[in-house]
Amino acid sequence: LPNLMGSKSALPIARLTIGQFLNEWLANEHQQHIAHTTYKRYISLSNNHIAPCIGHIELQKVTPVDIQKVLTTMREAGQSPRSQQQARALLSIALGAAVDKDYIAINPVSKVRNPINKGKEMQPLTSDEVKRLLETYKGTYLSARLHIALLCGLRQGEALGLRWQDIDLESGLIQIRVQIQTINGKRDFIGLKTDRSQRTVALTQSTLEALTSHRILISELKTKAGSSWNEYDLVFPEVDGTPKSSTIDYQSWKR
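This one's a predicted model, so the numbers in the text were calculated from it and none came from an experiment.

Chemist: Describe the sheet that holds strand S1 (residues 167-168), and please don't skip the residues or the numbers.
Modeler: Pairing in this open sheet of three strands is antiparallel, and the strands run S1-S2-S5 from one edge to the other. Of all the strands in the sheet, the pair left with one neighbour each is S1 and strand S5 (199-202). Strand direction decides the pairing type here: S1 and strand S2 (residues 173-176), joined by two bridges, are antiparallel. Each residue of the ladder has a partner; that of Ile-167, found in S2, is Ile-174.

Written out as structure tokens, the structure reads:
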């Protein structure tokens, strides 16, 4: 890139490696704009796949061949096409930021093809299967949870972060405003990934009935727990009122 960039020594990062730049950029800049789970995934990709392969190369000397080497090494190590795509996406965003800062002239990732993901085709439940599932669990603790997932379309984090204050049983509307995620080992409320994720969902009559019955079940849980109850206003809490584990929630679905 000498002819395109002029004197490299004029740049403030003449000896900065791609590994150093990536970690610094992730921690000090990009972390503020992405979900915590995405940040953790990017750190894992950086530490386990990108840095060991090309982390030592100076930022200004990274080429498309180096980027392809990362993807090839991941593929040969048994990493899925999806993981390779995520690594390429991370490098593309990071090196795009380096271009914006005038650290490099061209983003080398633009010349590297995105790995093809030949994943299995999704097999969604049929309408009859949904009806049978809802009928089977009618009147149980899982009934409202299944309604929220199958008929309202809430993602797991959104459902487990749903609070009664977000539901208007009279108007039959739910406001989706927050989600719950595990951050540094603790379940916590965070904002949705994008502003467009915030939305209002209209409830069917059957879902309204399921939620009304569910609220009675939660009241019974509170009474049983007594002073050990932790009030988070959650629709789907643990038996002591605390946020439910996503693993336990998923196990219930699998059963």
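Chemist: Describe in detail the nonpolar core, supporting the description with residues and values.
Modeler: Taken as a class, soluble globular proteins show a tendency for nonpolar side chains to be buried jointly. Residues Phe-21, Trp-25, Ile-54, Leu-59, Ile-67 and Leu-90 are the most contacted members of the largest nonpolar core, which totals 30 residues. Counting 24 residues, the second largest nonpolar core, distinct from the first, contains Ala-144, Ile-148, Leu-162 and Phe-236.

Chemist: Can you break down helix H2 (residues 18-28) residue by residue, with the values?
Modeler: Within the sequence span of H2, burial applies to Ile-18, Gly-19, Phe-21, Leu-22, Trp-25 and Leu-26. When H2 is viewed along its axis, its buried side chains cluster within an angular range of 165° and face the same direction. Residues of H2 that are buried make contact with helix H3 (36-54) and helix H5 (81-100).

Chemist: Quick one: what's the story with the packing of aromatic side chains, residue by residue and with numbers?
Modeler: The geometry of two aromatic rings is summed up by the distance between their centres and the angle between their planes. By the definition in use, this model includes one aromatic pair. Ring plane angle 75° and centroid distance 6.1 Å describe the contact between Phe-21 and Tyr-103, whose orientation is recorded as edge-to-face. Within this pair, whereas Phe-21 is found in helix H2, its partner Tyr-103 is found in the loop between H5 and helix H6 (127-136), the two being separated by 82 residues in sequence. Residue classification places Phe-21 among the buried positions, given a relative accessible area of 5%. Owing to a relative accessible area of 18%, Tyr-103 belongs among the buried residues under this scheme.

Each value, and the rule that gives it
- All residue numbers refer to positions counted from 1 along the written sequence of the respective chain.
- Local features are withheld for residues below a pLDDT of 70 in this predicted model, meaning they are given only at 70 or higher, and side-chain atom pairs are given and counted only at 80 or more; totals for whole chains, interfaces and linings count all residues.
- Water and hydrogen atoms play no part in the side-chain values, which are based on all heavy atoms of the structure.
- A pair of strands is treated as paired once DSSP finds two or more bridges between them.
- Secondary structure elements follow DSSP: runs of H or I no shorter than four residues count as helices, runs of E no shorter than two count as strands, and numbering proceeds from the N terminus.
- Joining through side-chain atoms within 4.5 Å is the link that ties buried Ala, Val, Leu, Ile, Met, Phe, Trp, Tyr and Cys residues into a set, and such a set is a nonpolar core.
- Accessibility here uses a 1.4 Å probe with only protein chains present; expressed as a share of the type maximum, an area under 20% marks a residue as buried, one over 50% as exposed, and anything in between as partly exposed.
- To be clear, the arc concerns the directions from the helix axis to the C-beta atoms.
- Whether two residues are in contact is decided by their heavy atoms: any pair within 4.5 Å suffices.
- Put simply, two rings from Phe, Tyr or Trp (the six-membered ring, in Trp's case) pair if the centres are within 6.5 Å, and we call them stacked under 30 degrees between planes, edge-to-face over 60, tilted for the rest.

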